[in-house]
Every structure is written in structure tokens, then in C-alpha cells.
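# Fold and geometry: a report
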Amino acid sequence: MSSLPIQVAGVSVSPDHYIDGRRVASDETFVCVSPIDQSPLGDIARGHPAHVDAAVTSASDAFPAWAALGAAQRRPYLRRLAEAIGRRADAFAALESADAGVLRSRMAHGVVPRAMQNIDWFAEHALTLQERVIETPQARHLVRHDPAGVVAVITPWNSPLMLATWKIGPALASGNTVVLKAPEWAPLTSSLLADCAHEAGLPPGVFNLLQGEGAVTGAALVSDARLARISFTGSVATAKWIAKTAAENLVPCSLELGGKSAFIVLADADLDAAAATAALMYRNAGQVCLAGTRLLVHADIAPAFTAKLRDVVTHLVVGDPRDAATEVGPIIHPRQLERVQAFVDRAVAGGARVLWGGTAHPFGAQYFAPTLLTDLRQQDEIVQQEVFGPVLTLQTFTSDEEVVDLANGTDYGLGGVCYGDEAHAIAIAERVRTGFLWINSFGIRDLAAPFGGIKRSGVGREGGGWSFEFFCDVKDIVVPKQPFKASFSHR
């Protein structure tokens with residue numbers, strides 16, 4: 001029996017799981033709280049191992065028929081899913097703003113259109129996964145991309161809708177069935193996504209949603225031996241546990257993890273442009289794995305750059321993410337706010353100097369002021385570890401060799417930014433060990449391009465054909481060109 005919907009920001013949304021094409025309640029719940037004002041949004045179903053078993057069983061049962069459809073026949077389902085998301089654009093924007101503190105304006109103009117594209121683009125791209133023929137003197141090799149099976153998708157709270165669709169799109173398009181584990185700190189848009197899947201007519205079991213905490217629901221999910229793939233975005237610590245657990249069943253994992261990216265400002269950079277872009281690192285309250293949080297600035301221009309950045313930051317509007325004028329919203333949860341403050345406090349105790357910010361923002365209990373720290377050593381914790389809050393660090397350099405060493409001097413390798421003469425910036429970028437790096441820009445993404453990190457920033461690549469390489473089993477059907485005669489003789 002399903003529970004009554006809850007009302008959040010004028011949107012009706014189910015608090016229940018979605019398993020085998022229907023809503024499933026739980027005898028236990030947990031409270032979803034808004035980071036905007038700490039108001040309770042509703043009681044959400046807490047998933048138990050029995051719910052996980054039901055979801056994986058449903059996905060397993062649905063897999064053969066969904067896989068057999070082929071990309072062309074799956075495409076209309078996914079087109080309808082994308083259209084259903086579009087029809088609920090205002091609802092998704094309102095929900096994720098209330099639930100995760102994301103700027104409502106950014107949801108409406110950026111995230112929801114991208115979520116639709118995540119579904120539609122991969123449905124179209126799956127049509128290109130035709131059988132590839134490799135001719136050799138001895139045989140014809142028919143290389144196929146076959147769907148792998150049941151995929152577990154586990155997404156974080158900082159961008160629930162975008163990251164869920166980014167994984168679900170290629171997983172479903174390539175013929176897999178999906179069990180999505182919603183982030184417990186921001187589950188509501190995942191639930192609305194299940195409504196869209198139902199409206200789009202996806203067969204029961206093709207898409208399933210589990211609510212609940214990672215320690216129980218997520219743990220039961222990644223432990224299930226029936227999974228064919230696990231796609232996870234989140235923390236390094238959780239990823240290590242998932243990888244270890246998945247290894248027991250030899251389940252391949254795609255792990256998109258944290259970042260501690262360098263934002264390099266060369267001596268020949270356009271300082272106004274560099275400062276304006278650096279201020280973007282504070283958006284979503286710094287809760288963005290892509291953010292270039294380590295400002296590495298040439299010593300000759302560091303004072304001028306810092307002054308320009310201060311001017312931009314002074315005019316940033318910290319406030320309610322539902323307000324169109326707001327540029328920096330709240331931290332997701334009290335525990336995360338405490339973590340951010342503790343990072344800053346330890347850095348200051350160790351000798352760091354606060355250029356601005358460094359404390360909670362007066363707007364509200366869950367808000368942290370945009371912060372910049374300097375007088376740091378490369379080995380300092382705040383230089384080495386991901387804070388995941390609106391906190392940047394500033395270090396200077398005097399040579400290309402020095403800045404490359406600084407940029408490469410952490411255990412992370414997700415992204416990066418470099419401002420300066422294009423040829424000079426590219427030369428630096430080629431030496432920085434990272435999954436990607438933006439030149440004189442930030443945040444340019446294309447679904448056809450690879451995305452992912454190295455070192456502690458992750459394993460694998462997502463986007464374009466790289467997503468399909470992960471979500472598919474590659475099969476080689478070998479057809480000999482001459483009659484084959486079996487023989488044990490080596491003469």
C-alpha cells in the first residue's frame with residue numbers, strides 16, 4: 001500500500017519507493033529537511049533489504065524483454081521520459097531548490113534542460129551502436145555492444161536530478177534495467193523522476209527507485225550479486241567501500257569522486273575574466289566536485305588578481321535559493337556545515353590567513369560566507385582535502401615548473417582551470433595530471449566528450465561512447481573465412 005503524497009513548494013511528490021511499476025511504502029521513515037530554513041519537508045520511506053531485494057528482482061525480471069527491444073524500439077520510451085521531465089520543469093526546479101538548496105533559477109535554465117538532454121541524447125546515440133565488423137585474413141569478427149543487465153545507480157545530494165539522468169540515460173538506452181538509490185539528504189527529485197518514468201510508460205521493473213540511508217539501503221543494494229554494474233558519484237570513502245563490496249561479486253564499478261582542482265592564473269592572464277570565473281567556484285555554496293578551489297596565481301599579478309576577485313565576491317548575493325537574485329545558497333545539512341567550519345578553523349589554527357569569510361553567513365543557520373584563505377603550505381590539510389563548501393585557497397608561484405608541481409601535488413585529479421595566453425595555458429594543461437581542464441573558461445560540458453578523473457577522483461569515464469563501453473558487454477562473434485578443421489596436431 002502506498003503512502004499519501006507530501007506537498008513541497010506547491011508540488012505533490014510521493015515519499016515512497018518505486019518498485020516494479022508501482023509505489024511501495026515502508027514501515028519506517030526518515031525526515032527530509034530543507035537546508036533553506038531547516039523546515040521538515042516530509043517523512044520519506046526508509047528502505048530495508050527486503051525492498052532492495054524486490055527492486056533488484058523486478059529489474060532482473062524486466063531485463064530480458066527490455067534488452068530484446070533494441071535501441072530503436074527503446075528510443076520512444078526514453079523520448080517520452082525526457083518530455084515528461086520537461087513538462088514538470090517548474091516542479092523539478094521548485095523541489096530541488098527546497099530539498100537541496102540549489103538555486104531555483106539555475107535549475108530552471110540549466111539543470112532541467114540538461115536532464116532532458118541526458119535522456120534524449122543517449123537514446124539517440126544508442127542507435128549508433130551497430131554491429132562493428134573487423135576483417136582479418138582468417139575471420140570476420142562481429143563486435144557487438146550487448147546490455148549488461150541490472151545497473152545500480154547511486155547519486156549524491158549536490159545535484160540529484162542532473163546526475164541521476166546522466167547515468168540513467170545511457171544505462172537504459174543501451175538496454176539495461178536500473179535501480180536508482182536516491183540521496184537521503186535530497187531525495188525528492190528522484191521520486192518525481194519515477195513519476196516521469198511511469199508516465200512515459202516504461203515497463204514495470206525497467207526503472208526502480210529506492211529511498212533510504214546509504215548505510216542500510218545502499219549497502220544492501222551494492223552487495224546484491226545479481227547486479228551487472230554499479231555507477232556511483234560521491235565521496236572517496238564511500239567509493240572504497242563500494243569497490244571492496246562489489247569485488248566480492250566481481251561487479252564492475254564506475255566511480256566519479258571528489259576533486260581538489262587547481263585554478264591557475266598565469267602572468268599573462270586577463271585578470272578581470274579570471275577573477276569573474278574564479279568567483280563561480282562559490283556557486284552551489286561550493287558543493288561542486290568540479291570547482292577549481294585551489295587558486296594558483298603568479299606572484300607578479302597576485303595582488304591585482306586578489307583585489308579584483310574581492311570586488312566580485314563583495315557583490316555576490318548570499319540568500320534564499322528560491323530568489324532569482326541569489327547567487328550563493330545554503331549548505332545542504334548541519335553536519336556538512338560543521339565539516340566546512342572545522343576545515344577552516346583547523347587551517348587558521350595552523351597558520352592560514354583569512355582574506356575574507358571564514359565563518360557562517362548571517363543570512364541563516366545553514367549559510368557559510370564565501371571564503372578565501374592564504375599563507376598556506378602545500379601539505380596543509382585544506383590544500384590537500386576536499387572541503388565541499390564555499391572555501392577557496394590561494395597560493396602563488398613564479399615559474400611554470402612550480403605551478404605544475406603545485407597543481408599535481410594532491411591525491412586528486414578531476415578537473416582544472418587555466419587562465420592565460422592560450423598556447424601558454426595549453427602547454428601547462430598538458431602537464432597537469434587531471435581528467436580534464438578548461439582553458440580560459442569553466443563548466444563547458446558536452447555529452448559526446450569524456451568526463452571523469454584520475455587518482456582519488458575516480459575510476460572510469462562517462463559521456464558519449466565511454467558511457468556505453470561501461471554499461472555494455474562487448475562481444476566478439478568470430479566467423480572463419482575458410483572451413484575450420486579441428487586438430488590437436490601442431491605439425
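Chains are numbered independently. Their residues run from 1 in the order of the written sequence. Two thresholds apply to this predicted model, a pLDDT of at least 70 for residue-level local features and 80 or more for giving and counting side-chain atom pairs, whereas whole-chain, interface and lining totals are computed over all residues. Note that water and hydrogens are dropped before the side-chain values are worked out from all heavy atoms of the structure.

The name an unreviewed UniProt entry gives the protein is Betaine-aldehyde dehydrogenase, with Pandoraea anhela as the organism. According to its UniProt record, the protein has this under Sequence similarities (unreviewed entry): "Belongs to the aldehyde dehydrogenase family." UniProt positions are given in the numbering used here, feature names are shortened, and annotations may be inferred rather than shown by experiment.

Within this scheme, the nonpolar core is defined by two criteria: the residues are buried Ala, Val, Leu, Ile, Met, Phe, Trp, Tyr or Cys, and they are joined through side-chain atoms within 4.5 Å. Only protein chains enter the accessibility calculation, which uses a 1.4 Å probe. A residue is then buried if its area is under 20% of the maximum for its type, exposed if over 50%, and partly exposed in between. Formed by 121 residues in total, the largest nonpolar core has its most connected members in Phe207, Leu295, Phe305 and Leu309. Going along the chain from the N terminus, every DSSP run of H or I of four or more residues is numbered as a helix, and every run of E of two or more is numbered as a strand. Ranked by the residues each element gives to this core, the list is headed by helix H5 (residues 160–173), at nine residues. How far each domain reaches was decided by an automatic or database domain assignment. Looking at which domains feed residues into this core, each of domain 1 (6–257) and domain 2 (262–439) gives three or more. Those residues within four positions of Leu309 in sequence are excluded, and the remaining contacts are Ala275, Ala278, Ala279, Leu295, Trp356 and Leu372. Residues Val24, Val150, Ala152 and Ala239 belong to the second largest nonpolar core, which totals 25 residues. The contact rule is simple, with two residues in contact once any of their heavy atoms fall within 4.5 Å.

A separate point is the environment of Gly70. The residue Gly70 is located in the loop between helix H1 (49–69) and helix H2 (71–87) in this model. Sequence-wise, Gly70 and Arg229 are 159 residues apart; in three dimensions their C-alpha atoms are separated by 19 Å.

What follows covers the domain arrangement of the protein. The accessible area lost on association of the parts is a frequent measure of interface size. When the domains of the protein are assigned, the result is domain 1 (6–257) and domain 2 (262–439). Each of domain 1 and domain 2 was reduced to a C-alpha centroid, and the two centroids are 31 Å apart. Between domain 1 and domain 2, the contact holds 18 residues from the first and 25 residues from the second. Note on definitions: buried area is the accessible-area loss of two parts on being combined, 1.4 Å probe, summed for both. Note on domain 1 versus domain 2: buried area summed over both sides is about 1,800 Å², and carbon and sulfur give 62% of it. Whenever Lys or Arg places a side-chain nitrogen within 4 Å of a carboxyl oxygen from Asp or Glu, that contact is recorded as a salt bridge. At the boundary of domain 1 and domain 2, one finds zero salt bridges. Under this definition, polar contacts are N or O atom pairs within 3.5 Å; protein pairs additionally need one hydrogen-donor-capable and one acceptor-capable atom, and for neighbouring residues in sequence, both atoms have to be side-chain atoms. At the surface where domain 1 touches domain 2, the tally comes to three residue pairs in polar contact (both at pLDDT 80 or more). Those elements giving two or more residues to the side of domain 1 that touches domain 2 turn out to be helix H3 (89–100) and helix H4 (104–125).

A few words now on the UniProt feature "domain: Aldehyde dehydrogenase" (unreviewed entry) in the protein. The UniProt record annotates "domain: Aldehyde dehydrogenase" (unreviewed entry) at residues 26–476. Annotated as 41% helix and 20% strand, the span residues 26–476 places its first and last C-alpha atoms 45 Å apart.

On to the pattern of salt bridges. Tallied over the full model, the rule gives 21 salt bridges. Arg87 is the partner of Glu199 in a salt bridge, and the nearest nitrogen-oxygen pair spans 2.3 Å. Residue Glu199 is found in helix H6 (residues 188–199), and its partner Arg87 is found in helix H2; the two are separated by 112 residues along the sequence. The shortest N-O distance in the salt bridge between Arg353 and Asp375 comes to 3.0 Å. Of this pair, Arg353 sits in strand E16 (residues 353–356) while Asp375 sits in the loop between strand E17 (371–374) and helix H12 (381–384), and the two are 22 residues apart along the sequence. Judged by its relative accessible area of 44%, Asp375 falls in the partly exposed class. Ionic contacts of the salt-bridge type, sharing partners, join the residues Glu28, Arg46 and Glu213 into one network.

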